[in-house]
Amino acid sequence: MIHAESPALEIVNLRKKYGRLEALRGVEFELSRGECLAFLGPNGAGKTTLIRALAGRTRPTAGTIKVFGHPIDSIGARQALGLVPQDLALYGDLTTRENLVAFGKFHGVPRRELKKRIDWALQWTGLADRAKDLVGGFSGGMKRRVNLACGVLHRPKIILLDEPTVGVDPQSRERIFTMLDQLNDEGASILLTTHHLDEAEQRSDRIVILDQGRVIADGTIDELVLSTVGHSRLVRVRVDRPLTAPVAVPLTVPGNGEQRRTYHVGQAGRELIETRIDDVTVHLGPFLQAVQNNGYQVSDMEVQAPSLHHVFLHLTGNELRD
Ligand SMILES: Nc1ncnc2c1ncn2[C@@H]1O[C@H](COP(=O)(O)OP(=O)(O)OP(=O)(O)O)[C@@H](O)[C@H]1O
Ligand SMILES: [Mg+2]
């Protein structure tokens, strides 16, 4: 059923209204085959609504979703998708293993393979020694790990994960991403939402930012940085005494007919100097030298590269939670 060239997911003009509230306002993007795409956005941006629409849990008001080139409601399209929902969906009165068996059967994992898959899941969730315990008595992070295992046990071709690592400890997070990398290496395409910008930065090939039901950015980290905050570094220098006046920094601008310019940094009365530097190898030396030439000693220094955090703040004006 898979078209040779079509992307894993193709979303065009997706809209969803809840009464008067428009949760999705014409969302468009593609998930390429074998890609890991991270969806970011402030609370209420529409991430869960989008994932639920992709997984067939909610009916969009308008728009189209294609799975490997086929309409979402065609036979096979649904089977290609695996969902790990934000709200935990588990049987609390069953054990870990019983939950895995139930979800495995529900997703049609062949009986001869089920045990092997469950052993695999117990290994990367780190819950092998809790296989016979009731899930209802588990901690939040442990339930989240079982929830994740139940959603990927059948190794779907497209995995949709809605905040899969909320409340999960760092070691378990590492194991979860190793497991996702493994599925990704075996050809699965992954779409995940997260509020962990570092996670998105390190683990995904591409990032889409959603805000108020619209895609406001789509690209690799480098593309997003370049199109928003730019590649210049923020340099912060602490000096040994308050400045009596801003420090004059001579700057040679290379190119045809080199230009000499001076710029001023810092404020009188402050011990902290902040500036932006385009090319650290060229401009940092002269900057520090100028500070010294003005009679100040540098007592501390920090160079900050632009990160996804800056991009996110620039685009949405919002801090993230969790
Ligand atoms: N079943 C529903 N009925 C009515 N409104 C809803 C429903 N589900 C979501 N909404 C609304 O749609 C908007 C988007 O919600 P959604 O859960 O998709 O956001 P989100 O990006 O997942 O946020 P979070 O980061 O908090 O998980 C919100 O304003 C929310 O109140
Ligand atoms: Mg959500």
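- As recorded in an unreviewed UniProt entry, the protein goes by the name Putative ABC transporter ATP-binding protein YxlF, listed as coming from Stieleria neptunia.

### Section: the sheet that holds strand β5 (residues 70-71)
Phase 1 of the analysis: Strand order across the open sheet formed by four strands is β2-β1-β4-β5, with antiparallel pairing between neighbours. Strand pairing shows two members of the sheet lacking a second neighbour, β2 (21-31) and β5, which therefore form its edges.
Phase 2 of the analysis: Summarising the sheet, strand β4 (residues 62-67) and β5 pair through two bridges and their orientation is antiparallel. When the sheet's bridge partners are listed, valine 67 is paired in β5 with histidine 70.

### Considerations on helix α6 (residues 170-185)
Phase 1 of the analysis: With 16 residues, α6 ought to run about 22 Å at 1.5 Å a step, and its terminal C-alpha atoms sit 22 Å apart, in line with that.
Phase 2 of the analysis: Regarding α6, the residues found buried are Ser172, Arg173, Ile176, Phe177, Met179, Leu180, Leu183 and Asn184. For α6, the angular spread of buried residues about the axis comes to 155°, placing them on one side. Exposed side chains of α6 directed beyond 90 degrees from the buried face belong to Pro170, Gln171 and Asp185.
Phase 3 of the analysis: On its buried side, α6 packs onto β3 (36-40), α4 (111-125), α5 (140-152), β7 (158-162), β8 (189-193) and α7 (197-203).
Phase 4 of the analysis: The residue sitting at the N-terminus of α6 and contributing the capping side-chain oxygen is aspartate 169; that oxygen lies 3.2 Å from the backbone nitrogen of glutamine 171.
Phase 5 of the analysis: At the exit of α6 stands glycine 187, carrying a positive phi of roughly 115°.

### As for the domain arrangement of the protein
Phase 1 of the analysis: Segmenting the protein into domains produces domain 1 (9-227) and domain 2 (233-305).
Phase 2 of the analysis: A separation of 46 Å is found between the C-alpha centroids of domain 1 and domain 2.

### What about the nonpolar core?
Phase 1 of the analysis: Formed by 45 residues in total, the largest nonpolar core has its most connected members in Trp124 and Met179.
Phase 2 of the analysis: Leaving out residues up to four positions away in the same chain, methionine 179 has contacts with Trp120, Trp124, Leu148 and Val152.
Phase 3 of the analysis: Grouped together as the second largest cluster of nonpolar side chains are 29 residues, Leu9, Val27, Leu37 and Ala53 included.

Procedures and definitions
- Residues numbered from 1 in each chain as written.
- Chains lettered and ligands numbered in written order.
- Predicted model: local features only at pLDDT ≥ 70, side-chain atom pairs only at ≥ 80, totals over all residues.
- Heavy atoms only, no water.
- Pairing = 2+ DSSP bridges.
- Helix = DSSP H or I, 4+ residues; strand = E, 2+ residues; numbered from the N terminus.
- Expected span 1.5 Å × (residues − 1).
- Buried < 20%, exposed > 50% of the residue type's maximum accessible area, 1.4 Å probe, protein only.
- Arc of directions from axis to C-beta.
- Contact = heavy atoms within 4.5 Å.
- Polar contact = N/O pair within 3.5 Å; in protein donor to acceptor, adjacent residues only side chain to side chain.
- Domains from an automatic or database assignment.
- Core = buried A, V, L, I, M, F, W, Y, C linked by side-chain atoms within 4.5 Å.

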